[in-house]
Amino acid sequence: MTNHSIASEGGCICGHVRYQVSSDPLIVHCCHCRGCQKNSGTAFALNALFEADRVTLLSGEVEEITVPTPSGTGQDITRCAKCKIAVWSNYNMGGLRENIRFIRVGTLDDPDQMPPDVHIYTCSKQPWVRLPENDRRAETFYEISETWSPEALARLAIIETSAGIKIS
């Protein structure tokens, strides 16, 4: 996994919403699925996964909307109440919806610090997108136990225990 900065801030385009993440991400996904293409309006979505309690809203008001996903479980998108920019999402992820936030990497003040650790759903990647030769990738999803770092797996185990759910 990539070496990321420990604490980062970000926000929406109008500056009303500001947030902080207080750790490295669990993992950074570059998702090429058709759902992410539709929701982002572009070729892929780049999301850094964090424990929900490590994401702090510093200022502004947000609103949450639920949109459909190909899996049928939906995704909760948190947006700035003024400019409507999506700052993070919560996916079902095996029942951990309330426990993990998918921060939109492009909303970070320094998005360059969180390149993807893995490209997922490359089966539906746009044919003109060229992935770096050495980047990790999966046709659909991946085995968490084989892809996440030992540190991230330990953090996930804590989340699973507190939620009473085992996904890894």
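In short, a report on the structure.

Calculation criteria
- Within each chain, residue numbers correspond to sequence positions counted from 1 in written order.
- Reporting in this predicted model follows two pLDDT cut-offs: at least 70 for local features of residues, and 80 or more for side-chain atom pairs to be given and counted; totals over whole chains, interfaces and linings ignore these cut-offs and use all residues.
- The side-chain figures draw on all heavy atoms in the structure; neither hydrogens nor water molecules are used.
- Each helix is a run of DSSP H or I of at least 4 residues and each strand a run of E of at least 2, with the numbering of both proceeding from the N terminus.
- The globule rule is 2.2 Å times the number of residues to the power 0.38, and the radius of gyration it is compared with is taken over C-alpha atoms.
- Only protein chains enter the calculation, and the probe is 1.4 Å; a residue is then buried if its accessible area is under 20% of its type maximum, exposed if over 50%, and partly exposed in between.
- The contact definition used throughout considers only heavy atoms, calling two residues in contact when any of these lie within 4.5 Å.
- Only the protein chains shown count as covering a residue, and every accessible area follows the Shrake-Rupley method with a 1.4 Å probe.
- Positive charge is attributed to Lys and Arg, negative charge to Asp and Glu, and no charge count is given to His or to the chain ends.
- In this description, the location of a charge corresponds to atom NZ of lysine, CZ of arginine, CG of aspartate or CD of glutamate.
- Following DSSP output, two strands are said to pair if at least two bridges run between them.
- A fitted line through C-alpha atoms represents every axis, and for helices the fit uses only the stretch in contact; the resulting angles, taken between N-to-C directions, go from 0 to 180 degrees.
- Put simply, the grid is 1 Å and covers the protein atoms alone, a cavity is a trapped set of points that fit a 1.4 Å probe, a pocket is an open set with protein on both sides within 12 Å along at least five of seven lines, and lining residues have an atom within 4 Å of a point.
- Grid points are joined across faces, edges and corners, and a volume is the space filled by probe spheres set on the points.
- We count a salt bridge whenever a side-chain nitrogen from Lys or Arg sits within 4 Å of a carboxyl oxygen from Asp or Glu.
- Aromatic pairing here means that ring centres of Phe, Tyr or Trp (its six-membered ring) are within 6.5 Å. Orientation follows from the plane angle: under 30 degrees is stacked, over 60 is edge-to-face, and everything else is tilted.
- Sulfur atoms of two cysteines make up a disulfide when they are within 2.5 Å.

1. Describing the overall build of the protein chain
- Looking only at helices and strands, one finds three helices and 10 strands in the protein chain.
- Counting helices and strands in the order they occur from the N terminus, the protein chain gives β-β-β-α-β-β-β-β-β-β-β-α-α.
- Against the globule reference of 15 Å for 168 residues, the protein chain gives a C-alpha radius of gyration of 15 Å, in line with a compact fold.
- Burial statistics for the protein chain: of 168 residues in total, 47% are counted as buried.
- A separation of at least 24 residues holds for 56% of the contacts in the protein chain among residues at least 6 apart in sequence.
- Put simply, the protein chain shows about 8,400 Å² of open surface, and 51% of that area lies on carbon and sulfur atoms.
- For the protein chain, the separation between the mean place of its 16 positive charges and that of its 20 negative charges on side chains is 7 Å.

2. Section: the sheet that holds strand S6 (residues 62-67)
- The strand order S6-S7-S8-S9-S4-S3-S10 describes an open sheet built from seven strands, whose pairing is mixed. Across the chains shown, the open sheet's two edge strands, defined by having one partner strand only, are S6 and strand S10 (118-120). Strand-to-strand twist in this sheet, taken as the mean axis angle between neighbours without regard to direction, amounts to 30°.
- In terms of strand pairing, strand S3 (residues 27-31) meets S10 through three bridges, oriented parallel. Counted as the bridge partner of Cys30 is His119 from S10.

3. Let's talk about empty space enclosed by the protein
- Throughout the structure, instances matching the rule amount to one cavity of 30 Å³ or more.
- Here the largest cavity defines a volume of roughly 40 Å³.
- Along the walls of the largest cavity sit Cys36, Asn39, Ser40, Ala45, Asn47, Gln75, Tyr91 and Arg104, which together make up its complete lining.

4. Let's talk about the pattern of salt bridges
- Applying the stated criterion to the full structure yields eight salt bridges.
- Between Arg155 and Glu151 there is a salt bridge, and its shortest N-O distance comes to 3.8 Å. Of the two residues, Arg155 and Glu151 are both situated in helix H3 (residues 150-163); the distance of four residues between them amounts to about one turn of the helix.
- Shared partners join several salt bridges into a network, and the residues in it are Glu51, Arg54, Glu151 and Arg155.

5. Remarks on the layout of surface pockets
- When its volume is computed, the largest pocket comes out at roughly 590 Å³.
- Lining the largest pocket we find 25 residues, and of these Ser71, Tyr91, Ile120, Tyr121 and Phe141 sit closest to its centre.
- For the lining of the largest pocket, the elements supplying multiple residues, two or more each, are S3 and helix H1 (34-40).
- It is H1 that provides the largest number of residues to the lining of the largest pocket, a total of four residues.

6. Observations regarding the packing of aromatic side chains
- Counting across every chain of the model gives three aromatic pairs.
- Plain terms: the ring middles of Phe141 and Tyr142 are 4.2 Å apart, the flat faces sit at 20° to each other, and that makes the pair stacked.

7. Overview of the state of the cysteines
- Counting across every chain of the model gives zero disulfides.
- Cys14 supplies the cysteine sulfur nearest to Cys12, a cysteine that is in no disulfide, at a spacing of 3.7 Å.
- A relative accessible area of 43% means that Cys14 is categorised as partly exposed.

8. Considerations on the sheet that holds strand S2 (residues 18-21)
- Read across the sheet, three strands follow the order S1-S2-S5 without closing on themselves; strand pairing throughout is antiparallel. Each edge of the sheet is formed by a strand with only one pairing partner; in this case those strands are strand S1 (8-11) and strand S5 (55-59). For this sheet the average axis-to-axis angle between neighbouring strands, irrespective of direction, equals 30°.

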